[in-house]
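# Working through the structure, step by step
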Amino acid sequence: MDKVASSVSIIGGADGPTSIFIAGKGGKVKLTTRIQNNFRKIKRSRIKKRITANPHSLEEVVEWLKREHSAVEVSKQSHDYLEQKQSLKAFLIMRHRPDLLGELMNLEPPDGEDVEALKAFCEKIQERCDRAAEIADDIFPIDFHIYEIKWAENDCMRIGVETVWQVLDVSFSGDKKTMKQLRKLFKKIYLYYGVTAEDIKNETERYKSLLGVLCS
């Protein structure tokens, strides 16, 4: 059976699905596209009405994952952990402390397809990631963990949790049948994480994240 991989990352507020318009001849939006977009809006509206306050902390989410789904923490010495931590740290620094990156913060991709220019741009991107990785934890603290849920022999789900900046990141892989089950589990995890009444009232990033997951 074919293997399928999927990754869903929610970092402090991914919006829900957006409407994608595909123009036909004359710039008109295709009828099928308009219908699909209308169904998305209806679905989103219905889901918004069903969201109620029932929050849990990320620490509570981790304990629930261990208790109910036998989640096990991945070694902090593993290559995957170190790679993901470096990528996440760079992202969070760009978002919350761009001043720490100086001139490397605002990198503009080159125009055209000049190979040397593209190569130089990629090198700058890597330099920015390296600089972010070198920033000490007392300057920019990060508390990152990865938990794994084994589903079958070669199928699993990985949940990344960062408690300082409130990050929840999920990736999973498996055959088509397994993927369907894992997607259900992902929504279940995010529903358990939940939102507060204030999140709903102010439509905070946490609320938008939950809505985006439920609409996916």
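Use the structure listed above.
In this report, we go over the structure that sits alongside the text. Bear in mind the structure is a predicted one, so any value in this text is a computation, not a measurement. (Residues numbered from 1 in each chain as written. Predicted model: local features only at pLDDT ≥ 70, side-chain atom pairs only at ≥ 80, totals over all residues. Heavy atoms only, no water.)

## Some details on the packing of aromatic side chains
With the rule as written, the count across this model stands at 6 aromatic pairs. Centroid distance phenylalanine 140 to tryptophan 165: 4.7 Å. Interplanar angle 10 degrees. Geometry classified as stacked. Of this pair, phenylalanine 140 sits in the loop between α4 (115-134) and β3 (144-150) while tryptophan 165 sits in the loop between β4 (156-162) and β5 (167-175), and the two are 25 residues apart along the sequence. Using a relative accessible area of 26% as the deciding quantity, one classes tryptophan 165 as partly exposed. Judged by centre distance (6.5 Å) and plane angle (45 degrees), the rings of phenylalanine 172 and phenylalanine 186 are tilted. (Phe/Tyr/Trp six-rings, centres within 6.5 Å; stacked < 30°, edge-to-face > 60°. Helix = DSSP H or I, 4+ residues; strand = E, 2+ residues; numbered from the N terminus. Buried < 20%, exposed > 50% of the residue type's maximum accessible area, 1.4 Å probe, protein only.)

## Quick notes on the packing of helix α1 (residues 31-50) against helix α7 (residues 205-215)
In the contact formed by α1 and α7, the axes pass within 10 Å of each other and the chain directions differ by 125 degrees. With respect to each other, α1 and α7 are oriented oblique. Every pair of crossing elements has a handedness; the one defined by α1 and α7 is right-handed. Facing α1, whose interface residues are Lys43, Arg44, Ile47 and Lys48, α7 presents Tyr207, Leu211, Leu214 and Cys215. When the residues that make up the contact of α1 with α7 are grouped by side-chain class, the tally is 5 nonpolar, no polar and 3 charged. (Axes fitted to C-alpha atoms, helices over the stretch in contact; angles between N-to-C directions. Parallel < 35°, antiparallel > 145°, perpendicular 65-115°, else oblique. Left-handed = near helix turned anticlockwise from the far one by under 90°. Contact = heavy atoms within 4.5 Å. Nonpolar A, V, L, I, M, F, W, Y, C, P; charged D, E, K, R; others polar.)

## A few points about helix α2 (residues 58-69)
Under the 1.5 Å per step criterion, the end-to-end length of α2 is 15 Å for 12 residues, consistent within 8% with the ideal 16 Å. Looking only at α2, the buried set comprises Leu58, Val61, Val62, Trp64, Leu65 and His69. End-on view of α2: buried residues confined to an arc of 165 degrees, all on one side of the axis. Where α2 is buried, its residues contact β3, β4, β5 and α5 (176-193). (Expected span 1.5 Å × (residues − 1). Arc of directions from axis to C-beta.)

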